[in-house]
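Remarks on the overall topology
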Amino acid sequence: MSEAKISRSMQKRQAIIDGAKAAFQQFGVSDTSMDKIAETAQVSKRTVYNHFESKEILVTHIIRDIWSANILTYVYDYDATKPLRGQLAELIANELNFMCDQNTLDLIRVAMGYCLFNPDMFTGELREFFEQETTLTRWIREAMADGKLRKKDPRLVSEQLLSLLKGQAFWPQVLHHDEKLDASQIEQLTNETLDMFLTYYEAK
């Protein structure tokens, strides 16, 4: 009996999250009320508050949920027997899939707008979450330990690599509503990023 109750509760929680994502993307975070979220999720307002104490907590959860699903749970192990370039290309492809997803861009855009006016509500919890080690950072650390990459702070190196991607595949789309990169542009960005990164960091 308890398992059935838990299952129904989790289903309603997921319905709230899905409803909130849809409402945020359609109306924006600031213009989306808990009533609107309840209506979109087809649950009562009371049910929404039973799962999330405030809209701010719900927004934070969604951001963390997207990041975790696309970045933290992605697994790609370093392989000392394979060329660096091919392995890095796989890692970059995963990052670009996340950055170029239209639903992700829409949600991050509206969430960022909300955060600009409510920075204190997100700073502590999200900073701690985003400081968790990703697969990319772990791969870089292992490649350094294997002597294939120059030794520096793996987290810093990871951020430098991501910055090369975000300059074309993320920030222009989030801030200026530019079109997503097409397949040929993604291929070009990937190759140029690999060239620049490996030229500097690959151990000679």
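Refer to the structure above for everything that follows.
Residues numbered from 1 in each chain as written. Predicted model: local features only at pLDDT ≥ 70, side-chain atom pairs only at ≥ 80, totals over all residues. Heavy atoms only, no water.

With that settled, consider the packing of helix α9 (residues 154-169) against helix α11 (residues 183-201). The description of two packed helices rests on the angle between their axes and on the distance between the axes. Across the interface, α9 lies against α11 with an axial gap of 10 Å and an inter-helix angle of 155°. On the basis of their axis angle, the class for α9 and α11 is roughly antiparallel. At the point where α9 passes α11, the crossing takes the right-handed sense. Residues Val 157, Gln 160, Leu 161, Leu 164, Leu 165, Gln 168 and Ala 169 of α9 pack against Leu 189, Glu 192, Thr 193, Met 196, Phe 197 and Tyr 201 of α11. (Axes fitted to C-alpha atoms, helices over the stretch in contact; angles between N-to-C directions. Helix = DSSP H or I, 4+ residues; strand = E, 2+ residues; numbered from the N terminus. Parallel < 35°, antiparallel > 145°, perpendicular 65-115°, else oblique. Left-handed = near helix turned anticlockwise from the far one by under 90°. Contact = heavy atoms within 4.5 Å.)

Attention shifts here to the packing of aromatic side chains. Counted under the stated rule, the structure contains four aromatic pairs. Between Phe 170 and Trp 171 the ring centres are 4.9 Å apart and the planes differ by 75°, which places this aromatic pair in the edge-to-face class. Classification of Phe 170 as buried rests on a relative accessible area of 8%. Ring centres of Phe 197 and Tyr 201 lie 5.1 Å apart, and the angle between their planes is 35°; this geometry places the pair in the tilted category. Taken as a pair, Phe 197 and Tyr 201 lie in helix α11 at a separation of four residues, close to a single helical turn. (Phe/Tyr/Trp six-rings, centres within 6.5 Å; stacked < 30°, edge-to-face > 60°. Buried < 20%, exposed > 50% of the residue type's maximum accessible area, 1.4 Å probe, protein only.)

A separate point is unusual backbone geometry. One non-glycine residue, Gln 42, lies in positive phi territory at about 60°. In this structure, Gln 42 sits in the loop between α2 (34-41) and α3 (45-51). Of note in this structure, His 177 is not a glycine but carries a positive phi near 60°. By the secondary structure assignment, His 177 is in the loop between α10 (171-176) and α11.

Tallied over the entire structure, the rule returns seven salt bridges. Ionic pairing is found between Lys 36 and Glu 39, a salt bridge with its closest N-O pair at 3.7 Å. On the criterion of helical spacing, the pair formed by Lys 36 and Glu 39 is a turn pair, its members being three residues apart in helix α2. Residue classification places Lys 36 among the partly exposed positions, given a relative accessible area of 25%. Between Arg 85 and Asp 195 there is a salt bridge, with its nearest N and O atoms 3.0 Å apart. Placement of Arg 85 in helix α5 (residues 84-99) and of Asp 195 in helix α11 is noted, with a sequence separation of 110 residues between them. Residue class for Arg 85 comes out partly exposed when judged on its relative accessible area of 33%. On the basis of relative accessible area, Asp 195 is assigned to the partly exposed category, the value being 39%. In the salt-bridge network here, residues are joined through shared partners; they are Glu 133, Arg 138 and Arg 141. (Salt bridge = Lys/Arg side-chain N within 4 Å of Asp/Glu carboxyl O.)

What follows concerns α5. Relative to the 22 Å expected for 16 residues at 1.5 Å per residue, α5 spans 22 Å between its end C-alpha atoms, a close match to the ideal helical length. Those residues of α5 that sit buried are Leu 84, Gln 87, Leu 88, Leu 91, Ile 92, Asn 94, Glu 95, Leu 96, Phe 98 and Met 99. (Expected span 1.5 Å × (residues − 1).)

Within α2, burial applies to Met 34, Ile 37, Ala 38 and Ala 41. The arc that holds every buried residue of α2, seen down its axis, measures 100°, which confines them to one face. Just beyond α2, the residue with positive phi is Gln 42, at close to 60°. (Arc of directions from axis to C-beta.)

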